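What follows is each chain in one-letter form.
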Amino acid sequence: MTDETRRGLPAPPPLGAAALPPGTYGGRVVLVTGGGTGLGKAIAAEFARLGADVVIAGRRAERLAAAREELAAVPGAGRVTAAVCDIRDPEAVAEVFEAAGAASGPPDVLVNNAAANFPCPAEDLSPNAWRAVVDTTLTGTWFMTREFGRRHLAAGTPGAIVSVGASYAWTGGPGFAHSAAAKAGVKNLVETLAVEWGPYGIRINGLVPGLFPHTDMTRDIRDGLERAAPDAKDGRQPALRVGAPRELGWAATFLASPYASFITGHTLVVDGANWQRRTLVQPEVVPVREQLGRGPFMP
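A. Focus on empty space enclosed by the protein. Applying the stated criterion across every chain yields a total of 1 cavity of 30 Å³ or more. A volume near 40 Å³ is recorded for the largest cavity. Only helix 6 (177–197) and strand 6 (202–209) provide two or more residues apiece to the lining of the largest cavity. Tallying contributions element by element places helix 6 first for the lining of the largest cavity, with 4 residues. Class assignment for the residues of the lining of the largest cavity results in 6 nonpolar, 4 polar and 2 charged.

B. How the structure looks around the packing of aromatic side chains. Across all of its chains, the model carries 3 aromatic pairs by this definition. Their ring planes at 75 degrees and their centres at 4.9 Å tell us that tyrosine 25 and phenylalanine 47 sit as a pair that is edge-to-face. Here tyrosine 25, found in the segment before strand 1 (29–33), pairs with phenylalanine 47, found in helix 1 (residues 38–49); they are 22 residues apart in sequence, far enough to count as distant. Per residue, the accessibility class of tyrosine 25 equals that of phenylalanine 47, and both read buried.

C. Quick peek at unusual backbone geometry. A positive phi angle is found at leucine 240, which is not glycine, with a value near 60 degrees. Here leucine 240 is to be found in the loop between helix 7 (219–228) and helix 8 (245–255).

D. A look at the nonpolar core. Of all hydrophobic cores here, the largest spans 32 residues; its most connected members are Tyr25, Val30, Phe47, Val109, Val111 and Leu207. Elements that contribute at least two residues to this core include exactly strand 1, helix 1, strand 2 (53–58), helix 2 (61–72), strand 4 (109–112), strand 5 (159–164) and helix 8. The element contributing the most residues to this core is helix 1, with 6 residues. When sequence neighbours within four positions are dropped, the list of residues in contact with valine 30 reads Tyr25, Phe47, Ala52, Asp53, Val54, Val55, Val109 and Val111.

About the cut-offs
- Residues numbered from 1 in each chain as written.
- Predicted model: local features only at pLDDT ≥ 70, side-chain atom pairs only at ≥ 80, totals over all residues.
- Heavy atoms only, no water.
- 1 Å grid on protein atoms, 1.4 Å probe; cavity = no way out; pocket = protein on both sides within 12 Å on 5 of 7 lines; lining within 4 Å.
- Points joined across faces, edges and corners; volume = space filled by probe spheres on them.
- Helix = DSSP H or I, 4+ residues; strand = E, 2+ residues; numbered from the N terminus.
- Nonpolar A, V, L, I, M, F, W, Y, C, P; charged D, E, K, R; others polar.
- Phe/Tyr/Trp six-rings, centres within 6.5 Å; stacked < 30°, edge-to-face > 60°.
- Buried < 20%, exposed > 50% of the residue type's maximum accessible area, 1.4 Å probe, protein only.
- Core = buried A, V, L, I, M, F, W, Y, C linked by side-chain atoms within 4.5 Å.
- Contact = heavy atoms within 4.5 Å.

Written out as structure tokens, the structure is:
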């Protein structure tokens, strides 16, 4: 692009700014799965900045410990607790809720961020590979959501859930059939449970990130971005920039807040309109196998 009028969307406010009034989450407990790294940690940081007691859950104790120290240093943060949990195990899920309750109290907000993913042609997906992604991304999200909902229903208390999704839940995701199918299920859970649980004061919304580069991105995802456009990451976005992780955190804190108390069953896409991008003439089709640098399929 050479037209000087094409400046894209403005940069976000600086790190440390808050999207809601200080103390919005004071006295409230927020449980974030996959909160030890990447976008989960960024989301947890924004809840902490607004005064929440944050519980981060994940499978790797060392990453959780490092993230807990980092989050505890966020100005305004309440208590920060780390809990090792494999969300694919319903008993472990129940245990993490017990640990959260013992540390800070029953979670008022659940952020379903944990997921698994890797690029792969559909025909190359083994049964174990399929299960590894679907069991974490969809079934694990369901186990966490179910546990949260049952506890609030039993106690007669309101609650808010934010489930992180993906735009290919609408469009399909060539190269990510396992993840796309799982994320479509997550989106449907948002829409289904909003109706079922709304009468009891439990809200559930989806949150879809666009391209938010961060240091914890997996090597295969990072390599895919490099292959697609090694010198033009920003130019591929209608916004002419990528997202800052804190922007996703601001969206999550809003969706779970009292200021969004009439919003439920909605999925908010935070990607600068990139998922809606189309060209007047579509480029030549390149099969997924070729995009991933794989040779002919060999059964």
